[in-house]
Amino acid sequence: MKELTLRLDPALRQALDDLADAQGRMPEAIAEEAVRKHLHAEGRLVRSLAEPIAKEHTELLRRLGE
């Protein structure tokens, strides 16, 4: 696993620490889960926008791939 340094403003860091304490978890685990959920949601959004465009332009995309 690669390491990532994330700079948070003090209020956000405090909220993260408070949530971690309340859940008995490490702040890093909560942050990783939040990033994973965000990436999943954004991926779904992008796919939902891209699929209709790809279907509409199937022939053009096929020709570009030649």
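Here is what the cut-offs are and how they apply
- Residues numbered from 1 in each chain as written.
- Predicted model: local features only at pLDDT ≥ 70, side-chain atom pairs only at ≥ 80, totals over all residues.
- Heavy atoms only, no water.
- Helix = DSSP H or I, 4+ residues; strand = E, 2+ residues; numbered from the N terminus.
- Rg over C-alpha atoms; globule rule 2.2 N^0.38 Å.
- Buried < 20%, exposed > 50% of the residue type's maximum accessible area, 1.4 Å probe, protein only.
- Areas by Shrake-Rupley, 256 points an atom, 1.4 Å probe, with all protein chains shown as cover.
- pLDDT = per-residue confidence, 0-100.
- Contact = heavy atoms within 4.5 Å.
- Salt bridge = Lys/Arg side-chain N within 4 Å of Asp/Glu carboxyl O.

Asks: Is there a simple way to explain the overall build of the chain in this structure?
Replies: Along the chain, the regular secondary structure elements total three helices and zero strands. Mapped from its N terminus to its C terminus, the chain presents α and β elements in the order α-α-α. Rg of the C-alpha trace for the chain: 19 Å, well past the compact-globule value of 11 Å for 66 residues, more than 25% over. Overall, the C-alpha framework of the chain stretches about 55 × 20 × 20 Å when taken along its three principal axes. Residues classed as buried in the chain amount to 8% of the 66 residues present. Of the roughly 6200 Å² of accessible surface on the chain, 60% is carried by carbon and sulfur atoms.

Asks: Just to check I follow, could you spell out the environment of Arg63 for this structure?
Replies: Secondary-structure assignment places Arg63 in helix H3 (residues 58–64). The exposure class assigned to Arg63 is partly exposed, which follows from its relative accessible area of 47%. Arg63 sits 40 residues away from Gln23 along the chain, and the two C-alpha atoms are 54 Å apart.

Asks: What am I meant to see in the confidence of the model for the chain here?
Replies: The predicted coordinates should not be examined in detail at positions where pLDDT is low. For the chain, per-residue confidence averages 93 on the pLDDT scale, and residues scoring 70 or more make up 100% of the total. Put simply, H3 is where the chain has its lowest mean pLDDT, 82, and helix H1 (residues 10–23) is where it has its highest, 98.

Asks: Would you mind showing me how to read the environment of Leu16 here?
Replies: Inspection of the secondary structure assignment puts Leu16 in helix H1. For Leu16, a relative accessible area of 15% translates into the label buried. Separated by 13 residues in the primary sequence, Leu16 and Glu3 have C-alpha atoms spaced 18 Å apart. Discounting chain neighbours no more than four positions away, the residues touching Leu16 are Leu8, Pro27, Ile30 and Ala31.

Asks: Before we go on, may I ask you to explain the pattern of salt bridges in this structure?
Replies: Two side chains bearing opposite charge may form a pair once their charged atoms approach each other closely. Scanning the model with the defined rule gives five salt bridges in all. Between Glu33 and Arg25 there is a salt bridge, with the nearest N and O atoms lying 2.7 Å from each other. Here Glu33 falls in the partly exposed class, since its relative accessible area comes to 26%. Take Arg25: its relative accessible area is 32%, and that puts it in the partly exposed class. Here the salt bridges do not stand alone but share partners, grouping Arg25, Glu33 and Lys37 into one network.

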